[in-house]
Amino acid sequence: MACNENVVKNIANEVARECQSQNVAVDPDFVIYLIDLLLLNPKYGKLFTKTINRNNLQFFVGDCVDLLIRDSTSIKTLKMQFTIQTNYDKLQNLIDKHLDSIDNCLRPLVNEILDEEPNPDDEAQTKKLFRKISIFIILASGLGNPGVIITLKEGMAALESVFSWNDLKMFVALPRNEKLTQLNELMEIVSGVRIFNRDCKKGGEGIPDLPFDLVDAGKACLTAFSNSLITVMQRVNTLTTAIEDTVVIQDETGNVLIDVRRNSGLSKKLLCDVETMLQRGAHYVDRVKKVLEELHDTVKYKTAVPTVTVYPLFAKLWQTWRAMQNTMYLVSTANRLMSVLTSIQEQTKIPYNVLDIMLSGKEILSDQERMCGRISMEDRLSLGALKNYVAYDSFSTPNDRYVQFLGFCAVCLGVGALIPSNMKIGLIKCQGRRYGFCSVKMAAKFSKDPQRYVNEVLEYARNNPHVINLLNIVEDAFSVKDIDNLITKHEPKTKVSDKDIQTETHPIEEHIERNYSWDLWEWKRRACKWATIVNSRTHSTQTDYSHLRSEIHCQTFENRDKSLQTMKSAGINTIPNKVFVWGLRGRIGDGQHAMNLGVEHNVEKKKEQTVSVCTWPCAGYNRDESTSTGSLSDEYVQFYKPDLVE
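Source: prediction; values computed, not measured.

Caption draft 1: Inspection of the overall build of the chain at higher detail. The secondary structure content of the chain amounts to 21 helices and seven strands. When each of the 646 residues of the chain is scored for burial, the buried share is 38%. Of the contacts formed within the chain by residues at least 6 apart in sequence, a portion of 70% connects residues at least 24 apart. When the accessible surface of the chain is summed, it comes to about 42900 Å², and 52% of that surface belongs to carbon and sulfur atoms.

Caption draft 2: Representation of the packing of helix 2 (residues 28-38) against helix 5 (residues 73-87). Here helix 2 crosses helix 5 at 110°, and the two axes come no closer than 11 Å. In terms of orientation, helix 2 lies roughly perpendicular with respect to helix 5. Here helix 2 and helix 5 pass one another in a crossing that is right-handed. On helix 5, the residues touching Asp29, Phe30, Tyr33, Leu34 and Leu37 of helix 2 are Ile75, Leu78, Lys79, Gln81, Phe82 and Gln85. Considering only residue class, the contact of helix 2 with helix 5 consists of seven nonpolar, two polar and two charged.

Caption draft 3: Structural detail: the sheet that holds strand 4 (residues 427-430). A sheet is described by the order of its strands in space; here three strands give the open sequence 3-4-5, paired in antiparallel fashion. Edge positions in the sheet fall to strand 3 (389-390) and strand 5 (433-435), since each of these pairs with one other strand and no more. Here strand 3 runs beside strand 4; their pairing, made up of two bridges, is antiparallel. The partner of Val390 across the bridge, within strand 4, is Leu427.

Caption draft 4: Inspection of helix 4 (residues 54-70) at higher detail. Helix length check: helix 4 (17 residues) gives 24 Å between terminal C-alpha atoms against 24 Å at 1.5 Å per residue, within 8%. When helix 4 is considered as a whole, its buried residues turn out to be Leu57, Phe60, Val61, Asp63, Cys64, Val65, Leu67 and Leu68. At its buried positions, helix 4 is contacted by helix 1 (5-21), helix 2, helix 3 (42-45) and helix 5. N-cap assignment for helix 4: the residue whose side-chain oxygen lies 2.8 Å from the backbone N of Asn55 is Asn53.

Caption draft 5: Geometry of the confidence of the model for the chain. Residues with a pLDDT of 70 or more make up 82% of the chain, whose mean pLDDT is 78. By mean pLDDT, the top-scoring element of the chain is helix 2 (90), and the lowest-scoring one is helix 21 (residues 627-639) (41). The low-confidence segment residues 259-267 (pLDDT under 50) makes 23 contacts with residues lying over four places distant or belonging to another chain. In the predicted structure, residues 619-646 sits below a pLDDT of 50 and forms 20 contacts with residues beyond four places in sequence or in another chain.

Caption draft 6: Local environment of the environment of Thr238. Structurally, Thr238 can be placed in helix 11 (residues 210-244). Placed 117 residues apart in sequence, Thr238 and Leu355 show a C-alpha to C-alpha distance of 8.3 Å. Those residues in contact with Thr238, other than ones at most four positions away along the chain, are Leu359 and Ile364.

Caption draft 7: Representation of the pattern of salt bridges within the structure. Evaluated as defined, the whole model comprises 18 salt bridges. Between Lys79 and Asp71 there is a salt bridge, with the nearest N and O atoms lying 3.5 Å from each other. Overall, Lys79 belongs to the partly exposed group, its relative accessible area being 30%. Given the relative accessible area of 23%, Asp71 is considered partly exposed. Note that Arg525 is salt-bridged to Glu522, the shortest N-O span being 2.6 Å. Highlighted residues: Arg525 and Glu522, both in helix 20 (residues 520-530), separated by three residues, approximately one helical turn. Residues joined in a network through salt bridges with shared partners are Asp71, Lys76 and Lys79.

Caption draft 8: Geometry of the nonpolar core. One finds Phe60 and Phe437 to be the most contacted residues of the largest nonpolar core, which totals 70 residues. Residue assignment for this core shows that the elements contributing at least two residues are helix 1, helix 2, helix 4, helix 5, strand 4, helix 17 (440-448) and helix 18 (450-463). Those residues within four positions of Phe60 in sequence are excluded, and the remaining contacts are Ile11, Ile35, Leu38, Leu39, Tyr44, Leu47 and Phe48.

Caption draft 9: Just unusual backbone geometry, in detail. Phi angles above zero are rare outside glycine, and Leu406 is one such case at about 60°. Position of Leu406 relative to the elements: it lies in the loop between strand 3 and strand 4.

Caption draft 10: Region of the structure containing the packing of helix 8 (residues 149-162) against helix 10 (residues 176-199). For the pair helix 8 and helix 10, the least separation of the axes is 9 Å and the interaxial angle reads 115°. Considering the relative orientation of helix 8 and helix 10, their crossing is right-handed. Of the residues in helix 10, those touching helix 8 at Thr151, Glu154, Gly155, Ala158, Leu159, Ser161 and Val162 are Leu186, Ile189, Val190, Val193 and Arg194. Of the residues that constitute the contact of helix 8 with helix 10, the class distribution is seven nonpolar, three polar and two charged.

Caption draft 11: A look at the packing of aromatic side chains. Following the criterion strictly, the structure yields 13 aromatic pairs and no others. Arranged with centres 5.5 Å apart and planes meeting at 80°, the rings of Phe48 and Phe60 form a pair that is edge-to-face. Pair noted here: Phe48 is in the loop between helix 3 and helix 4 and Phe60 is in helix 4, with a separation of twelve residues, a long-range link. For the pair Phe405 and Tyr435, a centre-to-centre distance of 5.6 Å together with 50° between the ring planes defines the contact as tilted. Here Tyr435 lies in strand 5 and Phe405 lies in the loop between strand 3 and strand 4, a separation of 30 residues in the sequence. Chaining the aromatic ring pairs together yields one cluster made of Phe405, Tyr435, Phe437, Phe446 and Tyr453. It is Lys481 that lies over the ring of Phe478; its NZ or CZ is 5.1 Å from the centre. It is Arg526 that lies over the ring of Trp523; its NZ or CZ is 4.8 Å from the centre.

Caption draft 12: Expanded view of the side chain of Ser517. By secondary structure assignment, the location of Ser517 is in the loop between helix 19 (474-479) and helix 20. For Ser517, the side chain forms a polar contact with the main-chain nitrogen of Asp519, separated by 3.3 Å.

Caption draft 13: Broad picture of helix 10. Here helix 10 spans 35 Å end to end across 24 residues, near enough to the 34 Å set by a 1.5 Å rise per residue. Two residues or fewer after helix 10 comes Lys201, characterised by a positive phi angle close to 60°.

Caption draft 14: Spatial organisation of the side chain of Asn326. One can find Asn326 in helix 13 (residues 307-346). Residue Asn326 is classed as buried on the basis of its relative accessible area of 8%. The residues contacting Asn326, other than those within four sequence positions of it, are Ile95, His98 and Leu99.

Caption draft 15: A nonpolar patch on the surface, seen in detail. On the surface, a nonpolar cluster with roughly 630 Å² of combined accessible area is contributed by Tyr516, Trp518, Trp523 and Trp530. Within the fold, Trp523 resides in helix 20.

Caption draft 16: Looking closely at the environment of Phe130. With respect to the helices and strands, the residue Phe130 is situated in helix 7 (residues 123-141). For the pair Phe130 and Glu160, spaced 30 residues apart in sequence, the C-alpha separation works out to 8.9 Å. Setting aside chain neighbours within four positions, we find Phe130 in contact with Met156, Leu159, Glu160, Phe163, Trp165 and Leu168.

Cut-off values and rules
Residues numbered from 1 in each chain as written. Predicted model: local features only at pLDDT ≥ 70, side-chain atom pairs only at ≥ 80, totals over all residues. Heavy atoms only, no water. Helix = DSSP H or I, 4+ residues; strand = E, 2+ residues; numbered from the N terminus. Buried < 20%, exposed > 50% of the residue type's maximum accessible area, 1.4 Å probe, protein only. Contact = heavy atoms within 4.5 Å. Areas by Shrake-Rupley, 256 points an atom, 1.4 Å probe, with all protein chains shown as cover. Axes fitted to C-alpha atoms, helices over the stretch in contact; angles between N-to-C directions. Parallel < 35°, antiparallel > 145°, perpendicular 65-115°, else oblique. Left-handed = near helix turned anticlockwise from the far one by under 90°. Nonpolar A, V, L, I, M, F, W, Y, C, P; charged D, E, K, R; others polar. Pairing = 2+ DSSP bridges. Expected span 1.5 Å × (residues − 1). Polar contact = N/O pair within 3.5 Å; in protein donor to acceptor, adjacent residues only side chain to side chain. pLDDT = per-residue confidence, 0-100. Salt bridge = Lys/Arg side-chain N within 4 Å of Asp/Glu carboxyl O. Core = buried A, V, L, I, M, F, W, Y, C linked by side-chain atoms within 4.5 Å. Phe/Tyr/Trp six-rings, centres within 6.5 Å; stacked < 30°, edge-to-face > 60°. Lys NZ or Arg CZ within 6 Å of the ring centre and 35° of its normal. Patch = residues over 30% accessible without salt bridge, like charges linked within 9 Å, V, L, I, M, F, W, Y side chains within 5 Å.

Here's what the structure looks like:
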């Protein structure tokens, strides 16, 4: 598979960047967890079988981002599962990890102590090494803060009481491995001395009252978990009661149908572990008391006690105290996880309107009440005839009672319904595994084709990754990740039949509505009349705010020059060029000339004037000189008087 660990990390980084660009913060480790589960689905797994195509990568990243942005119930369930898997384990494993983390933090200081070789004659270097050993013992034991002067002085005094300056010189000369061994022994003895001094009221600065705190914190944690579990189980019982009657299996095809949304519950693992912690805490408190009593009896009325006698008691006291510290760490871890899970669980939305409809007329039953029902003799006989049936009475060992899918009905899981199995019905074995059922009908259908219903569960799980870890079927989902189609849906046959149906002549009793009218305006008139609006009067009133008017803004744009090309040639009318030839009629001799009658543009039009004397070219000719000339002059003046100027 081309999608190895490094590729998954790169894909997770790209998904985280895409989510961050949309203001959604995600944990990169959780994204890797989600990608690993999604790759179990061949829809995504086959995208990266040989090579990584950019288009396929973008498609996969887009789907991951959509899932994380929607933050649906399935994503919240995955977050709770991821929180449990990454922060919780077997109790001893948690303690080992905690102690390893303490060792890793103190390793630089330990290396300085082991590597330092002060000059025996140099008192300052020797005191500096002695001080480092005291700081290491205080930090490793968790009995206070060496930054507090009183705590540091008490630690150095306790160390000096069991570790002299001569012992320190011998310590420096030892090999590295023996130094480390003696350092751990000193830590146990000195810590026991400090705890004993605290019990004697002669010190103990910074040492908490761990026996009291442990018992008190354990009880508070147990109470909180019990109340939370009660709330969760009430919700689970409500959802189970609402959904158990809606799961239907078809007799013809064996298909399982459901029409409501799914939800899931929480396990009781944390509650059981807290009860174990509380029992351990009480046991360790009793052991501390016994060891302290033994120490008091040993040193009572004595000025000196052999180290061979008292040192093992101090070491034993410290070991018991360390066990209490580890138990306290487990309690705090459980409390922290519970707060995280509660915050995620409170964000989960449940469709209570749908639940109210589904629960109408039903009594909410718990799992115990649901399993108390008796099975009829007829059902017992039909169950006995099933293939590979295992009766409830034949369970001899706890392993025989182990049921696949955490005890949920194997048939109902095919559609995501988490309905617990009824153990009184019995189990059915298939390929060495046992499966439970919520009803006799479900068991009968499963026995006919077990692999089909198991594949339906796997198909649902790889399409809904939040179910994979919930049902502990990671290996099963991984084994079928390369199979495209696990199941084949069987469609019911369409039944066709010819039937004659006789209908009634008048199925509805005759009724005549006297006030019926087909006219819409008639109904409007009646409505106005019934509403008494015709008797009302409209008037206006001046108020303080009646002067307020909203301004209307219009957006305009400047005119643009446009050019149009047409198929028609057009022209304009211009002023014609007119010329008058003077002196053609009745004029003897020369003196004829042409006069331009055209009008100049942009010339101001003047008023008409009467000219009594002609200018050139008719200058020198009097009006009375000739009749013909006068007549011509008069004719000329009268005809062209608008165009004459002085």
